[in-house]
Amino acid sequence: SDVDAQILMDIGVRLKYGDAPTLLSACADLSEVVCNMPVALVLLHGPLVDALRHALQVAANQADCKYCLKEVIGTLHAVVLRLVAECRPLSDDCLAGVGSGSAGRRSGVCQALAGPLHCLLFEVMRSGLQEPASAALSCRLAEALIRLLSRDAGAAARERPLGLLHA
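Residues numbered from 1 in each chain as written. Predicted model: local features only at pLDDT ≥ 70, side-chain atom pairs only at ≥ 80, totals over all residues. Heavy atoms only, no water.

Re the environment of alanine 135
Phase 1: For alanine 135, the position within the fold is in helix 8 (residues 132–151).
Phase 2: The partly exposed category is assigned to alanine 135, whose relative accessible area is 22%.
Phase 3: A C-alpha to C-alpha distance of 9.6 Å links alanine 135 and isoleucine 73, two positions 62 residues apart in sequence.
Phase 4: Residues within four places of alanine 135 in sequence aside, it is in contact with Gly128 and Leu129. (Helix = DSSP H or I, 4+ residues; strand = E, 2+ residues; numbered from the N terminus. Buried < 20%, exposed > 50% of the residue type's maximum accessible area, 1.4 Å probe, protein only. Contact = heavy atoms within 4.5 Å.)

Observations concerning the packing of helix 1 (residues 2–17) against helix 2 (residues 20–36)
Phase 1: Where helix 1 meets helix 2, the closest approach of the two axes is 8 Å, and the angle between their N-to-C directions is 150°. In terms of orientation, helix 1 lies roughly antiparallel with respect to helix 2. With respect to the hand of their crossing, helix 1 and helix 2 are arranged in left-handed fashion. Residues Ile7, Leu8, Ile11, Arg14 and Leu15 of helix 1 form the contact with helix 2, whose own contacting residues are Thr22, Leu23, Ser25, Ala26, Cys27, Asp29, Leu30 and Val33. (Axes fitted to C-alpha atoms, helices over the stretch in contact; angles between N-to-C directions. Parallel < 35°, antiparallel > 145°, perpendicular 65-115°, else oblique. Left-handed = near helix turned anticlockwise from the far one by under 90°.)

Things to note about the pattern of salt bridges
Phase 1: Tallying each qualifying case throughout the model produces 6 salt bridges.
Phase 2: The partner of aspartate 50 in a salt bridge is arginine 53, with the nearest N and O atoms 3.5 Å apart. Taken together, the residues aspartate 50 and arginine 53, both in helix 4 (residues 46–61) and 3 residues apart, mark about one turn of the helix.
Phase 3: The exposure class of aspartate 50 is partly exposed, given its relative accessible area of 38%.
Phase 4: Take arginine 53: its relative accessible area is 24%, and that puts it in the partly exposed class.
Phase 5: The closest approach of N and O atoms between arginine 147 and glutamate 143, which form a salt bridge, is 2.7 Å. Of this pair, arginine 147 and glutamate 143 both sit in helix 8, 4 residues apart, which is roughly one turn of the helix.
Phase 6: In this structure arginine 147 comes out as exposed when scored by relative accessible area, which is 55%.
Phase 7: The class of glutamate 143 is partly exposed, set by a relative accessible area of 39%. (Salt bridge = Lys/Arg side-chain N within 4 Å of Asp/Glu carboxyl O.)

Geometric descriptors of this kind do not, in isolation, establish any biological role.
Written as C-alpha cells, this is what we have:
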C-alpha cells in the first residue's frame, strides 16, 4: 500500500542520511515494521536495501557511527531470520502472506529477492567484519544469508553450498 511504501521510504532516508542516533532509531523502526509486514516486501523495496547497505558502510567506516555497527547488523540479522521463517523453502512458499498470486508469480518474486540478498551479503562481508565487536554477529548473518540463497539453488546447493555465490 501507499502507506507501507511511505514508511519504508522514511526508514530508508533515515538509514541513508541520518547521524548515529538516527541510524539507531531507524533500526528500531525497521525491526518493528518487519513484525507487521511480510519481510520479502521490505527487501523488495530497492531504496531501503540501498539504505541498509549504506548504513553498514557508514557504521563501519565513520568514527562517530562505529558504535552503531552492531545494531545495524543485528537489525539486518533479525530481518533475514524472519525472511527464513517466512520462506520455507524460498522457491515454493515465499510470500504466502503477500497475496493470492499464482505459484509462478511467487517464484518470480522469490527470484527477485536474490539480487537484494546478494548485495546485503556482500556488504556484510565487506563492512560487518571490520570491527571485533560485530564480527561474530556478522558471521551468523552471512551464514543465514548464504543458507537462504543456497535454498534457491535447489539440488545444485548440495554440490555448491554457496549457491549462486560460487564463482
